[in-house]
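Structural description and commentary
Listed below, chain by chain, are the residues.
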Amino acid sequence: MLDLELSTPLLFCILPLISLLFFKLLTNFSSSSKKSTNSSPPSYPLIGSFIEIFVNKDRRIQWTSDLVKSSPSSTVVLQRPLGEVSILTANPANVQHILKSRFDIYQKGDGFRRTLSDLLGNGIFNADGQVWKFQRQVSSHEFNTKSLRNFVENVVDTELNQRLIPILAAAASNQTVLDFQDILQRFAFDNICKIAFGYDPAYLLPSLPQAKFAIAFEEAVRISSDRFGMIVPLIWKAKRLLNVGSEKRLKIAVAQVREFAGQILREKKQELKEKSTLESVDLLSRFLSSGHSDENFVTDIVISFILAGRDTTSAALTWFFWLVSKNSEVENEILKEIKGKSENIYDEVKDMTYTHASLCESMRLYPPVPTDSKEASSDDVLPDGTVVKKGNRVVYHPYAMGRTEKLWGSDWLEFKPDRWLETDMITGKRTFVARDSYTYPVFQAGPRICLGKEMAFLQMKRVVGSVFRRFKVVPVVAEGGGEPVFMAYLTSKMKGGFPVRIVERDV
């Protein structure tokens, strides 16, 4: 929920604006019933589509998905309050245009950077231009090394065998209910902190501790994300200026995160002075060993990778396990594939074709990052004819794209891993057939395509293999049943968590 607590001085600052907006609403609403001809919601002077945006604030992703899906061009123009314009699209040609063809004019933009700058600084996910290009080059080199891959494999194996599997075994033995979303987030947080910092927060323990760094990071991410959800960004900016409410809490949380990161950085720099080289192969050690010693640069980039690695894989796996639990045929095919592999399946993970297809199919319906946006630095026209003015935000919508009939067929709502596979009629061998990254931009596309994509699949397949080999994950259905609610901060979540029972499989 958005924190709207306001101090008395802040109320005096915004009451005139609220009064003006309300007056305009009253004078325009009764005299205007105009509808858009391009599936956009009704818009009025000054307030734009405030009414529709406000009514749908708790289901923003689903609402905007419905808008673009109902548009013949799969694109709508959303007029926001005070003249701001967002263009939402689920058109692959438009996605390719903004992520590749005209990458030069579609950047994160000042508005995006300001919103996340307190947490991410100038990190790779919040940077544009030469700053982004330099970080991308540095990071790309490190991500392509075999030693990092081996390190990641060892980290994930250790977390699986020493923490996740024992916790699931205990839950099965005691017949306790776990919030599997929380468990997967803790698992991912431990992993990414070890990979990024070489530090183990020990967040996934049987006691499920409230680790200070993890709590501060979660608070900082949630409040930063809430800024994007503000219908009138002036509110969070005013609260930040006055240091009240959620913005005061954000300031405290970010200070804790950056102080913690800075402490580890200083320890590693001291170690580097004493040894000339660092034994650890985590990302921070790699950056320092290769000569990148600027504290702000290294801290910003590592915090960005923690954000990416913490939430995306856990979100993907949460929805994956839920979908598979509803589809016994899919689960049986995955089990058949897993049982044909050795216990230590990292070397064979590339051959887990059906599991790979199942993960892709899950992320089609429930992408970890359901929307992303770019800001136009100059006037432009999208391939479908939509006019873009300098300063407009263009939002591409992976959630809507995965649910569009023209892209996936009339059975788009069905969870069908087979749509990603081709079967050889002679040998019966199945081959994975990827969709182009502009139809399926779950990992972005173009120059900014996710550096950790292959690493993410390795981790997810390892988790799926280890969990399904021993356990069945059974959702605890709440009274009334129904589908869990998909919600999004910077990444997607399952509202209320994912309560499950863990059942040992018969060997």
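Residues numbered from 1 in each chain as written. Predicted model: local features only at pLDDT ≥ 70, side-chain atom pairs only at ≥ 80, totals over all residues. Heavy atoms only, no water.

**A short note on the overall build of the chain**
Helices and strands together make up the secondary structure of the chain, namely 18 helices and 14 strands. The proportion of buried residues among the 507 residues of the chain is 53%. If you take every contact in the chain between residues at least 6 apart in sequence, the share linking residues at least 24 apart comes to 72%. Carbon together with sulfur atoms contributes 54% to the accessible area of the chain, which is approximately 23,100 Å² in total. (Helix = DSSP H or I, 4+ residues; strand = E, 2+ residues; numbered from the N terminus. Buried < 20%, exposed > 50% of the residue type's maximum accessible area, 1.4 Å probe, protein only. Contact = heavy atoms within 4.5 Å. Areas by Shrake-Rupley, 256 points an atom, 1.4 Å probe, with all protein chains shown as cover.)

**Regarding the pattern of salt bridges**
All told, the structure shown has 38 salt bridges when counted by the stated rule. For K336, the salt bridge is made with E333, and the minimal N-O distance between the two is 3.3 Å. In this pair, K336 and E333 are both assigned in helix α14 (residues 328-339), 3 residues apart and thus about one turn of the helix distant. On the basis of relative accessibility, which here comes to 57%, the residue K336 falls in the exposed class. One continuous salt-bridge network, built from bridges that share partners, spans E159, R163, D190, K194 and D200. (Salt bridge = Lys/Arg side-chain N within 4 Å of Asp/Glu carboxyl O.)

**Observations concerning helix α3 (residues 60-70)**
Along α3, the residues classified as buried are I61, Q62, W63, T64, S65, L67 and V68. Contact partners of the buried residues in α3: α2 (50-55), β1 (75-79), β2 (85-89), α16 (398-401) and β12 (486-488).

**A few points about the sheet that holds strand β5 (residues 372-376)**
One open sheet holds the 5 strands; their spatial order is β1-β2-β8-β5-β3, and the pairing between them is mixed. The two strands at the open ends of the sheet, each matched to only one other strand, are β1 and β3 (106-107). Sheet analysis places β3 next to β5, joined by 2 bridges and oriented antiparallel. Of the residues in β5, the one forming a bridge with Y106 is A376. Along the sheet, helix α5 (residues 109-120) contacts β3, β5 and β8 (393-396); its crossing angle with β5, the most-contacted strand, is approximately 130°. (Pairing = 2+ DSSP bridges. Axes fitted to C-alpha atoms, helices over the stretch in contact; angles between N-to-C directions.)

**Description of the packing of aromatic side chains**
Within this structure, the stated rule accounts for 30 aromatic pairs. With 6.4 Å between their ring centres and 45° between their planes, F180 and F498 make a pair best called tilted. With F180 in helix α8 (residues 180-197) and F498 in the loop between β13 (492-494) and β14 (499-504), the pair connects residues that are 318 residues apart, well separated along the chain. The class for F180 is buried, based on a relative accessible area of 0%. Taken together, a centroid distance of 4.1 Å and an interplanar angle of 10° make the contact between W319 and Y366 stacked. With W319 in helix α13 (residues 295-325) and Y366 in the loop between α15 (353-365) and β5, the pair connects residues that are 47 residues apart, well separated along the chain. There is no split in this pair, since W319 and Y366 are both buried. The cationic tip of R435 hangs over the ring face of W408; the distance from NZ or CZ to the ring centre is 4.3 Å. (Phe/Tyr/Trp six-rings, centres within 6.5 Å; stacked < 30°, edge-to-face > 60°. Lys NZ or Arg CZ within 6 Å of the ring centre and 35° of its normal.)

**Considerations on the sheet that holds β14**
Reading across from one edge, β4-β14-β11 is the order of the 3 strands in this open sheet, with antiparallel pairing throughout. Edge positions in the open sheet fall to β4 (177-179) and β11 (471-475), since each of these has one partner strand only. Sheet twist, expressed as the mean angle between neighbouring strand axes with direction ignored, is 40°. Here β4 runs beside β14; their pairing, made up of 3 bridges, is antiparallel.

**What about the pairing of β14?**
Here β11 pairs with β14 via 5 bridges, running antiparallel. When the sheet's bridge partners are listed, P475 is paired in β14 with V500.

**Let's talk about the side chain of S71**
Considering the arrangement of structural elements, one finds S71 in the loop between α3 and β1. According to the relative accessible area criterion, S71 is buried, its value standing at 3%.

**Let's talk about the packing of α8 against helix α9 (residues 212-229)**
Packing of α8 against α9 brings their axes to within 12 Å, and their N-to-C directions diverge by 100°. Relative to α9, the element α8 lies roughly perpendicular. Every residue of α9 that contacts α8 at F189, C193 and F197 is listed here: F213, A214 and F217. The residue makeup of the contact of α8 with α9, split by class, is 6 nonpolar, no polar and no charged. (Parallel < 35°, antiparallel > 145°, perpendicular 65-115°, else oblique. Nonpolar A, V, L, I, M, F, W, Y, C, P; charged D, E, K, R; others polar.)

**A word on the pairing of β2**
Counting buried positions along β2 yields 5 of 5 residues, so the element is predominantly enclosed. Side chains V85, I87 and T89 project from β2 onto one buried face, and the interleaved S86 and L88 project onto a second face that is buried too. Pairing analysis gives 5 bridges linking β1 to β2, with the strands arranged antiparallel. When the sheet's bridge partners are listed, T75 is paired in β2 with T89. Bridging between β2 and β8 involves 4 bridges; their strand directions are parallel. Its bridge partner lying in β8, I87 is registered against V394.

**Here we look at the confidence of the model for the chain**
The predicted coordinates ought not to be read in detail in places where the model reports low pLDDT. Chain-level statistics for the chain give a pLDDT mean of 88 and a share of 90% at 70 or above. Within the model, pLDDT remains below 50 along residues 1-15, and this stretch shows 26 contacts once partners closer than five positions in the same chain are excluded. Here residues 19-37 is modelled with pLDDT under 50, and outside its nearest four sequence neighbours on either side it reaches 16 contacts, counting other chains as well. (pLDDT = per-residue confidence, 0-100.)

**What to know about the environment of G340**
Checked against the element boundaries, G340 lands in the loop between α14 and α15. On a C-alpha basis, the gap between G340 and M352 in space is 9.6 Å, while along the polypeptide they are 12 residues apart.

**Quick word on the side chain of K374**
Mapped onto the elements, K374 comes out in strand β5. Beyond its immediate stretch of four places on either side in the chain, K374 contacts L99, Y106, Q107, K108, N392, R393, V394, Y396, Q444 and R448.

**Some thoughts on the environment of E218**
Considering the arrangement of structural elements, one finds E218 in helix α9. Separated by 93 residues in the primary sequence, E218 and D311 place their C-alpha atoms 10.0 Å from one another. Residues contacting E218, with those up to four places away along its chain left out, are R310 and K493.

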